[in-house]
Amino acid sequence: MATRRSLSIATILALLGLMLGMQAAVTADTQVILRFESMVGVPTALTGTQAPIRGVNGGGIAWTLRSAEGRLLQGGDLRIKVRGLVLAAGTSIGSNPAASFRGLVSCLGSDGTITNVMTDPFPATTGPASAGGGNAVIHAVLTLPHPCIAPIIFVTSATGSWFATTGG
């Protein structure tokens, strides 16, 4: 009887330890690295190849947006929601001509190297912001370097030029 009780206690303790270990792994993957409630559209001075940010060129023309929010988790889960991401200049001012956007996370490694990781394209509404143009939800799980120091999150074109970035 004592042996059976000892075995049961040992089994329970082993299962408890396994469950706690699994919880720790899940918690590490769900810790927030960055949460944001604003982004900034690319200004004219940063368009094209004039002044890349961490190797990412600005869109070819200035962009603006009504709102943005999102977060990046330690396990690489990225969520971005943009509303009214449209051209801020040119003949199509106030409108979004791009049928898709991508998310991009830029990290500094512990040795100072830059690693840029991009999502697949996600659909974006086209047309004027007043008619719902420039709206998109980006959700992907990315493989980030560890550690990911000073992350910057971008919304880019299908080819990788940025239209909006974290900031306020």
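Please refer to the structure placed before this passage.
Keep in mind the model is a prediction, meaning the values are calculated, not measured.

Enquirer: So what's going on with the pairing of strand β3 (residues 48–53)? Residues and values would help.
Expert: With 2 bridges joining them, β3 and strand β4 (residues 56–58) adopt antiparallel strand pairing. The partner of I53 across the bridge, within β4, is V56.

Enquirer: Please provide a residue-by-residue account of the state of the cysteines, values included.
Expert: Applying the stated criterion across every chain yields a total of 1 disulfide. Sulfur-sulfur distance for the disulfide between C107 and C148 comes to 1.9 Å. As the torsion about the S-S bond is roughly -75°, the C107-C148 disulfide counts as left-handed. With C107 in strand β10 (residues 100–108) and C148 in the loop between β14 (136–141) and β15 (149–156), the pair connects residues that are 41 residues apart, well separated along the chain. The burial state of C107 is the same as that of C148; both residues are buried.

Thresholds, definitions, all that
- Residues numbered from 1 in each chain as written.
- Predicted model: local features only at pLDDT ≥ 70, side-chain atom pairs only at ≥ 80, totals over all residues.
- Heavy atoms only, no water.
- Pairing = 2+ DSSP bridges.
- Helix = DSSP H or I, 4+ residues; strand = E, 2+ residues; numbered from the N terminus.
- Disulfide = S-S within 2.5 Å.
- Buried < 20%, exposed > 50% of the residue type's maximum accessible area, 1.4 Å probe, protein only.

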